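Close look at the chain arrangement
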Amino acid sequence: MADTYYRDDYGSRRGDKPRRSLFVWLLDAAMTLLTLVVGAAMAVTYCVPYVNPSEVWFFPVLGLAAPAIYVATVILALYWVIRWRLLRAGVMVAIVAVGFFKVPLFYKPEFRRNYGEDGYDRRAFKVMTYNVRSFYGEDGRSSVANVLQLIDEQNPDVVCLQEFNARLAEESERFALLEEKYERTAFGRTQAPDSLFGAPLLILSKYRILGSGVVLTPNTSVWADLLIGDDTVRVFNNHLRSTAIKAADSDYITNRGFISDTAREVKIRSIVGRFRENSILRAEQVDSISGVVASSRARCIVCGDFNDTPMSYVYRTMAKGLNDAFSRSGSGYSHTFRGFFNTLRIDYVLCSDSFEPISYEVPAVDYSDHLPVVVRLKKNLLNN
């Protein structure tokens, strides 16, 4: 029998061509299906910041996955460009373009290097925000000495702490030394200061504190008026409702324990139920807080643990009319929560146009389940 395979002028075997064409056709079909799913998910994700979670509760889940969905969209757009499928490529490129201006909320390329402190003038001052988890580290031991040492080393002018444990702090000699440098105003001191549910808030300031008050209880949002130069600046310290996703839940999800767990339905329902309830409560909190912030927007700094990502209703509502220090002066990909693959930025420093963010840093320490955010702000003379 004659050999049905023969070589063409380029040395390739023509008999393989139908098989290759089938493979390419199947690949294109699979990629088309994936494109429909990812493209639709990305389009819906763009709507997440504009919809209250009480109306569509699962939208915050898409907000958590926004960076991954966007990267997948970019990859699929490139695939169809390479395959020269203009319609599919055009649609995906358009979807990518819509989200282009959201990218700085998650990733900032570094175009210039910072060579030290010399470039900062007298108008610049440091602000730190840190959820210290009641000063308990991963091993369950007190981390108060480490946190206070970090504050001493960073030497910020304004410090906003969430989940502050007054008892452990006051047992430390270092805290007494710290109080010599700072004025302080504390809120939410409970009968059980060790409790994570109390989540007391503390504001420390090298500047004179003119007054302080509570925006929303219990222990959700507080403010202090600081005299910075000749200006009165209102600093807000916030700790919005947690997702209530525990470390065990995080391990269960990230280690894919639900794949082999026979009781996974009950556990997943519990996780989803808590996530839904607390997403709605956070939205209610931010609706209340944002109105108070808006009345002080001329000269204000808004700090804290929002427990939500930049692609969320909470972030959009709180940051409206304010500048995000990371998107203005950060670099690379920033995360502030030590969990979920180190992908979540949920702690923020926002400021009015009276200030210009000129540096952004997230020290890599393991004293809490959160990371501290340290920002340097400069008074903007054009807006004063």
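Below, the discussion takes up the packing of helix H5 (residues 144–154) against helix H7 (residues 173–181). The contact between H5 and H7 brings their axes to 10 Å, and the two run at 30°. Regarding the angle of H5 to H7, the classification is roughly parallel. For the pair H5 and H7, the sense of crossing is left-handed. Listed contacts from H7 to Ala145, Leu148, Gln149, Ile151 and Asp152 of H5 are Arg174, Phe175, Leu178 and Lys181. By residue class, the composition of the contact of H5 with H7 is five nonpolar, one polar and three charged.

This brings us to the sheet that holds strand E4 (residues 183–187). Strand order in the open sheet made by the six strands is E4-E5-E3-E2-E14-E13, with mixed pairing throughout. The sheet is open, and its two borders are formed by E4 and strand E13 (355–361), each paired with just one other strand. Ignoring which end each strand starts from, the neighbouring axes of this sheet average 15° apart. Bridge count between strand E2 (residues 124–131) and strand E14 (residues 373–379): six bridges; the pairing is antiparallel. For Phe125, the partnering residue across the bridge sits in E14 and is Leu377. Of the strands in this sheet, E2, strand E3 (158–162), E13 and E14 are in contact with H5, which crosses E2 at around 165°.

Quick look at a nonpolar patch on the surface now. A grouping of Leu22, Trp25 and Leu26 is seen on the molecular surface, where their side chains present a nonpolar patch of about 360 Å² in accessible area. As for its placement among the helices and strands, Trp25 is situated in helix H1 (residues 17–45).

Our next topic: the pairing of strand E7 (residues 221–228). Consecutive residues of a regular strand have side chains that alternate between opposite faces of the sheet. Among the eight residues in E7, seven count as buried, and that is most of the element. Note that strand E6 (residues 208–216) and E7 share seven bridges and pair antiparallel. Paired with Val214 across the two strands is Val222, which belongs to E7. Taken together, E6 and the strand that follows it, E7, pair antiparallel across an intervening segment of four residues, in which Asn219 is found at a positive phi of about 50°. Relative to strand E8 (residues 231–239), E7 is paired through eight bridges, and the arrangement is antiparallel. The partner of Asp225 across the bridge, within E8, is Arg234.

Reading the values: rules and limits
Residues numbered from 1 in each chain as written. Predicted model: local features only at pLDDT ≥ 70, side-chain atom pairs only at ≥ 80, totals over all residues. Heavy atoms only, no water. Axes fitted to C-alpha atoms, helices over the stretch in contact; angles between N-to-C directions. Helix = DSSP H or I, 4+ residues; strand = E, 2+ residues; numbered from the N terminus. Parallel < 35°, antiparallel > 145°, perpendicular 65-115°, else oblique. Left-handed = near helix turned anticlockwise from the far one by under 90°. Contact = heavy atoms within 4.5 Å. Nonpolar A, V, L, I, M, F, W, Y, C, P; charged D, E, K, R; others polar. Pairing = 2+ DSSP bridges. Patch = residues over 30% accessible without salt bridge, like charges linked within 9 Å, V, L, I, M, F, W, Y side chains within 5 Å. Areas by Shrake-Rupley, 256 points an atom, 1.4 Å probe, with all protein chains shown as cover. Salt bridge = Lys/Arg side-chain N within 4 Å of Asp/Glu carboxyl O. Buried < 20%, exposed > 50% of the residue type's maximum accessible area, 1.4 Å probe, protein only.

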